[in-house]
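An overview of the molecular structure
Letter by letter, the chains look like this.
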Amino acid sequence: MKMNFFLDFQKNCGYKAAVLIVLSFLSFGIFAKDLNLAYLPPQASKTGDNKYQLVKDFDTSVKQIKGLFVGDDSVKDELMTNEENYRVHVFYNLKKSAPWHKIYVIAWDDKVFARIYK
């Protein structure tokens, strides 16, 4: 009787361990996504370290990012440079404990990029 109980217990623990391992791998995959994408428009794609390409044009991208921070008094923004083929708009996060402090939206040669600084 004791041996039968031990085999059932061992089999049951093996299943639980396998489920725990699978769930661990799944949770790692879910949390492995880039958290900076939450501060950018949904069409953004990562091109490098804290550098993202935005699909929309400059004005639409800036408008979409502004829309994400409506009502947040700690986020300020300004247009820094507006040349013919080069435009820069910057967003400042004034909170010291914020996960990001500056987002630069840069447009040149008909491409729009965002750069996030922590």
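Since the structure is predicted, the reported quantities are computational estimates derived from the model, not experimental observations.

**A short note on the side chain of N93**
Relative to the assigned elements, N93 resides in strand β4 (residues 86-93). Under the relative-accessibility criterion, N93 is labelled buried at 10%. At 3.5 Å, the side chain of N93 and the backbone oxygen of W100 are in polar contact. Other than its neighbours up to four places away in sequence, N93 contacts S74, V75, A98, W100 and H101.

**Describing the nonpolar core**
L40, F91, W100, I103 and V105 are the most contacted members of the largest nonpolar core, which has 18 residues in total. Of all the elements in the fold, those that place two or more residues in this core are β2 (51-54), α2 (58-68), β5 (102-108) and β6 (111-117). Once residues lying within four places of it in the same chain are set aside, the contact partners of I103 are Y39, L40, H89, V90, F91, R115 and I116.

**Here's the deal with the pairing of β2**
Taking every second residue as pointing to the same face, the buried face of β2 carries Y52 and L54, while none of K51 and Q53 on the other face is buried. In this structure, strand β1 (residues 45-48) lies alongside β2, joined through 3 bridges in antiparallel fashion. Among the inter-strand pairings, K46 is bridged to a residue of β2, identified as Y52. Hairpin geometry of β1 and β2 is characterised by an intervening segment of 2 residues between the two adjacent antiparallel strands and by a positive phi of about 55 degrees at N50. Summarising the sheet, β2 and β6 pair through 4 bridges and their orientation is antiparallel. The residue of β6 that forms the bridge with Y52 is A114.

**Brief notes about the sheet that holds β6**
Ordered by their spatial adjacency, 6 strands build an open sheet running β1-β2-β6-β5-β4-β3, and the pairing between neighbours is antiparallel. The open sheet has two edge strands with one neighbour each: β1 and β3 (75-82). Strand after strand, the sheet turns through a mean of 25 degrees between neighbouring axes, direction not considered. Note that β4 and β5 share 7 bridges and pair antiparallel. Its bridge partner being in β5, R87 is matched across the sheet by A107. Each of β2, β3, β4, β5 and β6 is contacted by α2, which is oriented at about 5 degrees to β4, the strand it contacts most.

**Side note on the pattern of salt bridges**
The tally for this structure, following the rule as stated, stands at 2 salt bridges. D59 is the salt-bridge partner of R87, the closest N and O atoms lying 2.8 Å from each other. Taken as a pair, R87 in strand β4 and D59 in helix α2 lie far apart in primary sequence, 28 residues in all. Overall, D59 belongs to the partly exposed group, its relative accessible area being 41%.

**A closer look at unusual backbone geometry**
Positive phi is not limited to glycine here, since N50 has a value of about 55 degrees. Among the secondary structure elements, N50 is positioned in the loop between β1 and β2. Of the residues examined, N50 reaches a relative accessible area of 24% and is grouped as partly exposed. Phi at D110 is positive, roughly 60 degrees, even though this residue is not glycine. What makes D110 exposed here is its relative accessible area of 84%.

What counts, and where the lines are drawn
Along each chain, residue indices are assigned from 1 in the same order as the chain's sequence is written. Local features in this predicted model are restricted to residues of pLDDT 70 or higher, and side-chain atom pairs are both shown and tallied only at a pLDDT of 80 or more, whereas totals for entire chains, interfaces and linings draw on every residue. Values shown for side chains rest on all heavy atoms present in the structure; no hydrogens or waters enter the calculation. Each helix is a run of DSSP H or I of at least 4 residues and each strand a run of E of at least 2, with the numbering of both proceeding from the N terminus. Each residue is assigned to one of three classes by its accessible area relative to the maximum for its type, calculated with a 1.4 Å probe on protein chains only: buried under 20%, partly exposed between the two thresholds, exposed over 50%. N or O atoms within 3.5 Å of each other form a polar contact, as long as, within protein, one can give a hydrogen and the other can take it, and as long as residues adjacent in sequence are counted only when both atoms are side-chain atoms. Any two residues having at least one pair of non-hydrogen atoms within 4.5 Å are treated as being in contact. Here the nonpolar core consists of buried residues drawn from Ala, Val, Leu, Ile, Met, Phe, Trp, Tyr and Cys, with membership extended through side-chain atoms lying within 4.5 Å. Paired strands, in this sense, are two strands between which DSSP finds at least two bridges. The axes used here are C-alpha line fits, helices contributing only the stretch in contact, and every angle between their N-to-C directions lies in the interval 0 to 180 degrees. One speaks of a salt bridge when a side-chain nitrogen belonging to Lys or Arg is within 4 Å of a carboxyl oxygen belonging to Asp or Glu.

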